[in-house]
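Residue-level listing of the chains:
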Amino acid sequence: METEFVLRTSHKNLEHITATWQAPSNIALVKYWGKHGVQLPANPSISFTLNNCKTITKVTAKKAAALDFEILLDGVAKSSFAPKIKSYFNRIKEYSPWINNYHFTIETTNTFPHSSGIASSASSMAALSSCLMDMEGQLTGQKMAMKKASFLARLGSGSACRSLEGKLVVWGNHDDTPGSSDLYGIDVSGDLHPVFQDYQDTILLVDKGEKTVSSTVGHELMNEHAFAKARFHQAHSNLTKIKNCLKEGDVEGFIKITESEALTLHAMMMTSHPYFILMKPNTLSIIDEIWKYRKETSVPVCFTLDAGANVHMLYPADHKESVDDLIKSKLARYCQNEQYICDQLGSGATTV
Ligand code: PMV
């Protein structure tokens, strides 16, 4: 148990409390893949916070004899979410014991299409944790603690702890990142060169179906993985290097590390036991087109991948028009129903 985050101050006894927050998704540049203990990362990671892909959550709490909750997605009761929320509440109640005396109504909605293949766990756990910390602030009369919100979000979904604060966030102990922690994400956007400040992320929706292997299983498979040690070591070194590129405005260096990290993540999946592949033929076609385009035009557009088939295209805002043309003329055809989402860097969770 992390005693630093246990609520110890006395608090009010309010009959009703409510809070509404929105939190964005994030896209990792150096990937977190592998975990231990209670949601502790096997290696440090760094991500861009997104702006448009977000979850908006309203939580209403009413005094009750015991902890209980109901959850609605777009106004409709969603019992399939209950096990995940239940285990989240079970993990966080030792840190915020007041929740034991409330019934929570959680109303949530995503700005990105449901089942678009974009994981909503990061944005939804960040939004829910922000609401709960806002409420904790109302009870104690103290300023809302964003660090604890990130800590709680991590207990819901690891990468969610990177969706709270700042355009660029590091999560996980890293020797070259002062203040970094396995317990929560820290904002390192102070070190972001202007060229990266308004970076674009266009997400090409290659496959909107359910993933064949969940992230939970994928993380677990790193435990006995033949290349785990080398991979974790590499993540530390890539993090040092990419932070330098982000600070110096070295777009070429950034591209090399970002694309290598994406392929390494998927290489880990392909060399796990059991092995699996989450990329689709169209994922590879898009990567091929991006490489060809970059070579022909020198437009510094690159790709990264999540644990899925969709492709995130990352590029400086200055090149938006040319990349838009590329997508419309060559890449949209590889997307399911020609769908893609235009996003860019954002600053994290905000109250609504
Ligand atoms: O937070 P989780 O358990 O869904 O894992 C996310 C893992 C990746 O998205 C593949 C990488 C990352 O760092 O976000």
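Residues numbered from 1 in each chain as written. Predicted model: local features only at pLDDT ≥ 70, side-chain atom pairs only at ≥ 80, totals over all residues. Heavy atoms only, no water.

### Section: the packing of helix H7 (residues 251-270) against helix H8 (residues 281-297)
So, step 1. Relative orientation of the contacting elements H7 and H8 amounts to 165°, with a least axis distance of 14 Å. With respect to each other, H7 and H8 are oriented roughly antiparallel. Viewed along their axes, H7 and H8 form a crossing whose handedness is left-handed. Along its contact with H7, which presents Ile255, Glu259 and Leu263, the element H8 presents Ile287, Trp291 and Arg294.
So, step 2. For the contact of H7 with H8, the residue count by class is four nonpolar, no polar and two charged. (Axes fitted to C-alpha atoms, helices over the stretch in contact; angles between N-to-C directions. Helix = DSSP H or I, 4+ residues; strand = E, 2+ residues; numbered from the N terminus. Parallel < 35°, antiparallel > 145°, perpendicular 65-115°, else oblique. Left-handed = near helix turned anticlockwise from the far one by under 90°. Contact = heavy atoms within 4.5 Å. Nonpolar A, V, L, I, M, F, W, Y, C, P; charged D, E, K, R; others polar.)

### Overview of the site of the ligand
So, step 1. The environment of the ligand is formed by 13 residues, the closest being Tyr32, Ser159, Arg162, His219 and Asp306.
So, step 2. A distance of 3.0 Å separates an oxygen atom of the ligand from a polar atom in the backbone of Tyr32.
So, step 3. Within the side chain of His219, one N or O atom sits 3.0 Å away from an oxygen atom of the ligand.
So, step 4. For the ligand, the protein covers 91% of the area, taking 380 Å² as the surface of the free molecule.
So, step 5. Two domains each provide a minimum of three residues to the shell around the ligand, namely domain 1 (2-189) and domain 2 (193-344). (Near = heavy atom within 4 Å. Polar contact = N/O pair within 3.5 Å; in protein donor to acceptor, adjacent residues only side chain to side chain. Areas by Shrake-Rupley, 256 points an atom, 1.4 Å probe, with all protein chains shown as cover. Domains from an automatic or database assignment.)

### Brief notes about the sheet that holds strand S11 (residues 302-305)
So, step 1. Strand order in this open sheet of four strands is S11-S12-S10-S13, and the pairing throughout is antiparallel. Each end of this open sheet is capped by a strand with a single partner; those strands are S11 and strand S13 (340-344). Ignoring which end each strand starts from, the neighbouring axes of this sheet average 25° apart.
So, step 2. Where strand S10 (residues 200-204) lies against S13, five bridges are found, and the strand directions are antiparallel. Of the residues in S13, the one forming a bridge with Thr202 is Cys342.
So, step 3. Taken strand by strand, helix H9 (residues 320-331) contacts S10, strand S12 (311-315) and S13, and its axis lies near 150° from that of S12. (Pairing = 2+ DSSP bridges.)

### Describing the domain arrangement of the protein
In many analyses, interface size is given as the accessible surface area lost on bringing the parts together.
So, step 1. When the domains of the protein are assigned, the result is domain 1 (2-189) and domain 2 (193-344).
So, step 2. Once you take the C-alpha centre of each, domain 1 and domain 2 turn out to be 25 Å apart.
So, step 3. Each partner contributes residues to the interface: domain 1 has 34 residues there, and domain 2 has 43 residues.
So, step 4. Surface buried jointly by domain 1 and domain 2 totals about 3,100 Å² across both partners, of which 65% is contributed by carbon and sulfur atoms. (Buried area = accessible area lost by both parts, 1.4 Å probe.)

### Quick notes on the nonpolar core
So, step 1. Membership of the largest hydrophobic core comes to 75 residues, with the highest contact counts inside it found for Ile46, Phe48, Phe89, Trp98, Phe104, Leu246 and Phe254.
So, step 2. Considering each element in turn, this core owes the most residues, ten residues, to helix H2 (residues 121-140).
So, step 3. Looking at which domains feed residues into this core, each of domain 1 (2-189) and domain 2 (193-344) supplies at least three.
So, step 4. Residues contacting Phe254, with those up to four places away along its chain left out, are Leu29, Phe48, Phe196, Tyr199, Ile242, Cys245, Leu246, Cys302 and Leu314.
So, step 5. Ile286, Ile287, Leu305 and Val323 belong to the second largest nonpolar core, which has 22 residues in total. (Core = buried A, V, L, I, M, F, W, Y, C linked by side-chain atoms within 4.5 Å. Buried < 20%, exposed > 50% of the residue type's maximum accessible area, 1.4 Å probe, protein only.)

### Let's talk about the environment of Pro41
So, step 1. Relative to the elements of secondary structure, Pro41 occurs in strand S3 (residues 40-41).
So, step 2. With 140 residues separating them along the chain, Pro41 and Ser181 place their C-alpha atoms 9.8 Å apart.
So, step 3. Ignoring sequence-local partners within four residues, the contact set of Pro41 consists of Tyr32, Gly34, Lys35, His36, Trp171, Gly172 and Asp182.

### Brief notes about the packing of aromatic side chains
Aromatic ring pairs: the centre-centre distance and the angle between the two ring planes describe each pair.
So, step 1. Counted according to the given criterion, the structure contains 16 aromatic pairs.
So, step 2. With 6.3 Å between their ring centres and 50° between their planes, Tyr102 and Phe104 make a pair best called tilted. Neither Tyr102 nor Phe104 differs from the other in exposure class; each is buried.
So, step 3. What links up through ring pairs into an aromatic cluster is the set Phe69, Tyr88, Phe89, Trp98, Tyr102 and Phe104. (Phe/Tyr/Trp six-rings, centres within 6.5 Å; stacked < 30°, edge-to-face > 60°.)

### Quick word on the environment of Met269
So, step 1. Within the element layout of this structure, Met269 appears in helix H7.
So, step 2. As a C-alpha pair, Met269 and Trp33 span 236 residues in sequence and 9.6 Å in three-dimensional space.
So, step 3. Leave out the neighbours within four places in its chain, and Met269 touches Trp33, Tyr275, Phe276, Leu278 and Ala307.

### Brief notes about the pattern of salt bridges
So, step 1. Summed over the entire model, instances satisfying the criterion amount to four salt bridges.
So, step 2. In this structure, Arg231 and Glu261 form a salt bridge, with 2.8 Å as the shortest nitrogen-oxygen distance. One end of the pair, Arg231, is in helix H6 (residues 228-248); the other, Glu261, is in helix H7, with 30 residues separating them in the sequence.
So, step 3. On the accessibility criterion, Arg231 (4% relative accessible area) is buried. (Salt bridge = Lys/Arg side-chain N within 4 Å of Asp/Glu carboxyl O.)

### A short note on the side chain of Asp343
So, step 1. Relative to the helices and strands, Asp343 is located in strand S13.
So, step 2. Look at Asp343: it is buried, it has no salt bridge, and the nearest opposite charge is Lys54 at 8.5 Å.
So, step 3. At 2.7 Å, the side chain of Asp343 and the backbone nitrogen of Asn52 are in polar contact.
So, step 4. In this view, Asp343 contacts Leu50, Asn51, Asn52, Cys53, Gln200 and Asp201; residues no more than four positions away in its chain are not counted. (Lys, Arg positive; Asp, Glu negative; His and termini not counted.)

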